[in-house]
Amino acid sequence: MKLSQSLANRLVTYLAVFVAVLLTTNLYSQTQAGRAEVRAVKGTATYTVAGGPPTPLKVGTVLTSGAVIKTGSESSVDLFLGASAGTLRLTENTTLGLDKLNMTDTGAETVVEVQLNVPEGTILGNANKLSAASKYEIKLPNGVAGIRGTSFRCSSTSYIVLLEGTLVFVFVPPGGNPT
């Protein structure tokens, strides 16, 4: 009886330690919704959320996944996506969808998942050095660009200028298969 009670006590202790370690690990690897903070607006720009009415964009506005930003003629918008994801500038007559903005702090590094949609116009970006597990993708009308820690210019016509870093582009012709 004493042996089984001692074994039960050890089992409870091991289980308590296991649960504590599991909870601590979960705390360090929780995914949080990323944010895009508007740092500058020149000219006119609006945003919509979930198909709602267009709202004028102002400095200090914080946008999350699902927001769509439109700049007018002779206008631009600067967005700050966070220390890891960097900054973006939308040039005139640009539409940008913030499809996905997630940040996961693993304790050792920050894993970023950014998915942008540029159906029209041009964006300029500076994506900071990302962890190996991070994703930074830009969807264009005829393909998807994957960016790794770089300065870039990307337009809806798939004209992409890369200043430094690496880029992978998957071309998808209209009605066709990726190449």
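Residues numbered from 1 in each chain as written. Predicted model: local features only at pLDDT ≥ 70, side-chain atom pairs only at ≥ 80, totals over all residues. Heavy atoms only, no water.

Caption draft 1: View of the pattern of salt bridges. Summed over all chains, the structure comprises three salt bridges. We note a salt bridge from R89 to D78, for which the minimum N-O separation is 2.6 Å. Here D78 lies in strand 7 (residues 76–82) and R89 lies in strand 8 (residues 86–90), a separation of 11 residues in the sequence. Residue R89 is classed as partly exposed on the basis of its relative accessible area, which comes to 38%. The exposure class of D78 is buried, given its relative accessible area of 19%. With a closest N to O distance of 3.2 Å, K100 and E113 form a salt bridge. Of this pair, K100 sits in strand 9 (residues 95–105) while E113 sits in strand 10 (residues 110–120), and the two are 13 residues apart along the sequence. For E113, a relative accessible area of 22% puts it in the partly exposed group. (Salt bridge = Lys/Arg side-chain N within 4 Å of Asp/Glu carboxyl O. Helix = DSSP H or I, 4+ residues; strand = E, 2+ residues; numbered from the N terminus. Buried < 20%, exposed > 50% of the residue type's maximum accessible area, 1.4 Å probe, protein only.)

Caption draft 2: Quick peek at the packing of aromatic side chains. A complete count under the given rule lists one aromatic pair for this structure. Each ring, one from Y136 and one from F152, has its centre 6.1 Å from the other, and the planes form 70 degrees; the classification is edge-to-face. Of the two residues, Y136 sits in strand 12 (residues 135–140) while F152 sits in strand 13 (residues 143–155), which places them 16 residues apart along the sequence. There is no split in this pair, since Y136 and F152 are both buried. Over the ring of F80 we find R39; its NZ or CZ atom is 4.2 Å from the centre of that ring. (Phe/Tyr/Trp six-rings, centres within 6.5 Å; stacked < 30°, edge-to-face > 60°. Lys NZ or Arg CZ within 6 Å of the ring centre and 35° of its normal.)

Caption draft 3: Representation of the environment of E137 in the model. Mapped onto the elements of the fold, E137 is located in strand 12. Separated by 30 residues in the primary sequence, E137 and L167 have C-alpha atoms spaced 9.7 Å apart. Those residues in contact with E137 that lie beyond four places of it in its chain are V114, Q115, L116, V144 and A145. (Contact = heavy atoms within 4.5 Å.)

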